[in-house]
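# Coordinate analysis (summary)
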Amino acid sequence: MTAVEGLTDAQIALSDRYGVATYEPLPVVLSEGRGAWVTDVDGNRYLDALAGYSALNFGHRHPALVAAAHRQLDTLTLTARAFHNDRLPGFQRDLAELTGTDAVLPMNTGAEAVESAIKVARAWGYRVRGVPDGRARIVVAGGNFHGRTTTVVGFSDDRSAREGFGPFAPGFDRVPFGDAGALAAALTDDTVAVLIEPVQGEAGVIVPPGGYLAQVRRLTAQRDVLLICDEIQCGLGRAGATLCTELSGVRADLYTLGKALGGGIVPVSAVVGRRDVLGVLRPGEHGSTFGGNPLACAVGSAVCGLLADGSFQELARAHGAHLGERLRALPGLTAVRGIGLWFGCDVDPAVGTGREVCVELARRGVLAKETHGATVRLAPPLVITHDEIDLLADTLRAVLRDLSG
Ligand SMILES: *Cc1c(COP(=O)(O)O)cnc(C)c1O
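If you look the chain up in an unreviewed UniProt entry, it shows as ornithine aminotransferase from Pseudonocardia autotrophica. For the record of the chain, the UniProt heading Sequence similarities (unreviewed entry) holds the text "Belongs to the class-III pyridoxal-phosphate-dependent aminotransferase family."

This is the structure we're talking about:
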């Protein structure tokens, strides 16, 4: 690793000696966070415009979430599902009520939630739809990101995500995102589900054409195919609604949730949706040592509490309108895509790469992350203020101007 201000030579040596370089972090070393701000080991402060890829929708150490975690740490943290715990039923109710669903399967990470939804969809296909055993197929979208497990990267079309990791699980058909005709053509008698991100985050905040999700819903309903919406990144307030699909007037059969569900404190994910679908799982068929643990449930319930009155969703819409207006006025960007408080900004190649912009932003006290080379993803915590959004936009404007020479 090259020198990073804030890491001692000894720490860099440790990282080189024991670390596995699966990331290329920006050269900042963070040691503290509160709200929309983080502080590095030298005391420099940064506005966090990434928010842990939306795992920190409520900011760092939101007092209500930290208090819930503290209370639970002082009572019971883990039981495994071999026993009941007194927090899980309440969490399941809270998340079901928040999302308007009637069954909740708790897991830990997003990828696990997606894997769980895939298992549920296949079992439903065989046991309810009567698809011949071993034949179930799931339609996915080009440019998808659903996590890093082998099954999930197997149906990705991102070379760096999949190359070298095969062989991959069969049973997936990929169609272009946003093309309802292609999706219709891909549905067969063996198709049990369509798995889709309502807005693709990792791909660069790609919002599909208006009416697309509603068409997908209509097509899947006609063929008795499950619609599984992966709202791990777009859900829980980020897009300006509890569920991003609400904005299209669509109800999925299953949703995968994660990231913000853990309040930035612990990994918490879940599959939520129709009871008659999730109910195909029988005891012993699926599980997780940590899924539904009391600490996760306490934090998850507190997250549901924060989202219950709609004020964070409203903040995402209001702040997003303001940030979008500011971003669209910036020279040096070739495109600005967004929904809620969530934007993908394509940097004009004549100005620089997404990485260069992010390095410069960090030097000036704003943290963001590039995706797919030219895109800078902005997803600040929903607790950001109007003035902080102006600071973010002003800083980006200065960076783009200075890089342009
Ligand atoms: C982050 C993400 C995942 C994977 O979540 P992990 O917790 O990293 O496993 C899955 N789907 C989407 C849409 C995501 O953004």
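### As for the packing of aromatic side chains
Summed over all chains, the structure comprises three aromatic pairs. Each ring, one from Phe177 and one from Tyr212, has its centre 5.7 Å from the other, and the planes form 75°; the classification is edge-to-face. Of the two residues, Phe177 is situated in the loop between strand E6 (172-175) and helix H8 (180-186) and Tyr212 in helix H9 (residues 212-222); the sequence distance between them amounts to 35 residues. Exposure class is identical for Phe177 and Tyr212. Each is buried.

### Structural notes on the pairing of strand E7 (residues 191-196)
Among the six residues of E7, six are classified as buried, and the element is accordingly described as predominantly covered. Of the strand pairs in this sheet, strand E5 (residues 137-141) and E7 are connected by three bridges, and their pairing is parallel. When the sheet's bridge partners are listed, Val139 is paired in E7 with Val194. The handedness of the E7 to strand E8 (residues 226-230) crossover, carried by H9, is right-handed.

### A look at the sheet that holds strand E11 (residues 333-338)
Ordered by their spatial adjacency, four strands build an open sheet running E11-E12-E15-E14, and the pairing between neighbours is antiparallel. The strands lining the two open edges of the sheet, one partner per strand, are E11 and strand E14 (369-371). Strand-to-strand twist across the sheet, computed as the mean angle between neighbouring axes with direction ignored, equals 30°. In this fold helix H12 (residues 311-328) packs onto E11, strand E12 (343-347) and strand E15 (375-378), with an angle of close to 5° to the strand it touches most, E12. Across the sheet, helix H13 (residues 354-363) is in contact with E12, E14 and E15; its angle to E14 comes to roughly 175°.

Calculation rules
- Residues numbered from 1 in each chain as written.
- Predicted model: local features only at pLDDT ≥ 70, side-chain atom pairs only at ≥ 80, totals over all residues.
- Heavy atoms only, no water.
- UniProt positions renumbered as here; feature names shortened; annotations may be inferred.
- Phe/Tyr/Trp six-rings, centres within 6.5 Å; stacked < 30°, edge-to-face > 60°.
- Helix = DSSP H or I, 4+ residues; strand = E, 2+ residues; numbered from the N terminus.
- Buried < 20%, exposed > 50% of the residue type's maximum accessible area, 1.4 Å probe, protein only.
- Pairing = 2+ DSSP bridges.
- Right-handed = clockwise from strand over helix to strand, strands pointing away.
- Axes fitted to C-alpha atoms, helices over the stretch in contact; angles between N-to-C directions.
- Contact = heavy atoms within 4.5 Å.

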